[in-house]
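One-letter residues, chain by chain:
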Amino acid sequence: MSDLRDLYQQVILDHTKRPRNFRKLEKANHKAEGYNPLCGDKVTIYLELEDGILRDISFQGSGCAISTASASMMTESLKGKTTTEAQALFECFHDLVTGKPGSGRDAPDLGKLAVFTGVREFPVRVKCASLAWHTLRAALEDHQEAVSTE
Ligand code: ZN
């Protein structure tokens, strides 16, 4: 188990040090901002949506390791997905980090995102991990107001 935990930490650390898709998306046609006052994490999600498909996705912001890694991995996982698939992945990820009953223990379609399973042991970190996802949903639904986890 501790080996697995090390692996999780390595993956998260790698994404924290070298966040993927960390840039402003010039062609973005959807955008939303999120804020987690509990930790001070801020994130902006940019989407290029075309015919219901996430052609491109990027993020910018500043926050703790968990929030940065989560946003980074989210953008990697969602590129090329349909909005329906993105919503489904959001639900799946949310169940994973909150540890809701009914969520599959090994939720296969989450892939690498499963590294965030450990977050449920730290309730304060759940909001860090889910901030980017809540912001993504706001971007998909075109909410104008900034998302807050509080
Ligand atoms: Zn945080």
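Residues numbered from 1 in each chain as written. Predicted model: local features only at pLDDT ≥ 70, side-chain atom pairs only at ≥ 80, totals over all residues. Heavy atoms only, no water.

A. Highlighting the overall build of the protein chain. When helices and strands are tallied, the protein chain shows four helices and four strands. Secondary structure of the protein chain in N-to-C order comes out as α-β-β-β-α-α-α-β. A globule of 150 residues ought to have a C-alpha radius of gyration of about 15 Å, and the protein chain, at 14 Å, matches this closely. Expressed along its principal axes, the backbone C-alpha trace of the protein chain runs to roughly 45 × 30 × 30 Å. Residues classed as buried in the protein chain amount to 41% of the 150 residues present. Intrachain contacts of the protein chain at a sequence separation of at least 6 include 60% that bridge at least 24 residues. By element, 50% of the accessible surface of the protein chain is carried by carbon and sulfur atoms, the whole surface being about 8000 Å². (Helix = DSSP H or I, 4+ residues; strand = E, 2+ residues; numbered from the N terminus. Rg over C-alpha atoms; globule rule 2.2 N^0.38 Å. Buried < 20%, exposed > 50% of the residue type's maximum accessible area, 1.4 Å probe, protein only. Contact = heavy atoms within 4.5 Å. Areas by Shrake-Rupley, 256 points an atom, 1.4 Å probe, with all protein chains shown as cover.)

B. Region of the structure containing the sheet that holds strand E4 (residues 147-148). In space, the four strands of this open sheet follow the order E3-E2-E1-E4, with mixed pairing throughout. Each edge of the open sheet is held by one strand with a lone partner, namely strand E3 (53-62) and E4. Across two bridges, strand E1 (residues 30-36) lies against E4 in parallel orientation. Residue pairing in the sheet places Tyr35 in a bridge with Ser148 of E4. (Pairing = 2+ DSSP bridges.)

C. Spotlight on the packing of aromatic side chains. Across all of its chains, the model carries three aromatic pairs by this definition. Ring plane angle 70 degrees and centroid distance 5.6 Å describe the contact between Phe93 and Phe116, whose orientation is recorded as edge-to-face. Here the residue Phe93 occupies a position in helix H3 (residues 83-98), and Phe116 occupies one in the loop between H3 and helix H4 (123-140), the gap between them amounting to 23 residues. On the basis of relative accessible area, Phe93 is assigned to the buried category, the value being 0%. Note on Phe116: relative accessible area 0%, which makes it buried. Between Phe93 and Trp133, the aromatic rings sit 4.8 Å apart at their centres with planes inclined by 15 degrees, giving stacked as the arrangement. Of this pair, Phe93 sits in helix H3 while Trp133 sits in helix H4; the two residues are 40 residues apart in sequence, bridging distant segments of the chain. An aromatic cluster of at least three residues, connected via ring pairs, comprises Phe93, Phe116 and Trp133. (Phe/Tyr/Trp six-rings, centres within 6.5 Å; stacked < 30°, edge-to-face > 60°.)

D. Layout of H4. Helix length check: H4, at 18 residues, gives a terminal C-alpha distance of 26 Å against a target of 26 Å (1.5 Å per residue), a fit within 8%. The sharpest bend along H4 reaches about 45 degrees and sits at Ser130. Listed as buried for H4 are Val126, Cys128, Ala129, Ser130, Leu131, Ala132, Trp133, Thr135, Leu136, Ala138, Ala139 and Leu140. Tucked into the core, H4 has its buried residues touching E1, strand E2 (41-50), E3, helix H2 (65-78), H3 and E4. Once H4 finishes, Asp142 follows within two positions and takes phi at roughly 60 degrees, a positive value. (Expected span 1.5 Å × (residues − 1). Bend = angle between axes of the 7 residues up to and from the residue.)

E. The arrangement of empty space enclosed by the protein in detail. A full pass over the atoms with the stated rule returns one cavity of 30 Å³ or more. There is about 80 Å³ of room inside the largest cavity. In this structure, the largest cavity is lined by 13 residues; those nearest its centre are Lys42, Val43, Ser67, Thr68 and Ala71. Where the lining of the largest cavity is concerned, the elements lending two or more residues are E2, E3, H2 and H4. Here the lining of the largest cavity is built from residues that sort into seven nonpolar, five polar and one charged. (1 Å grid on protein atoms, 1.4 Å probe; cavity = no way out; pocket = protein on both sides within 12 Å on 5 of 7 lines; lining within 4 Å. Points joined across faces, edges and corners; volume = space filled by probe spheres on them. Nonpolar A, V, L, I, M, F, W, Y, C, P; charged D, E, K, R; others polar.)

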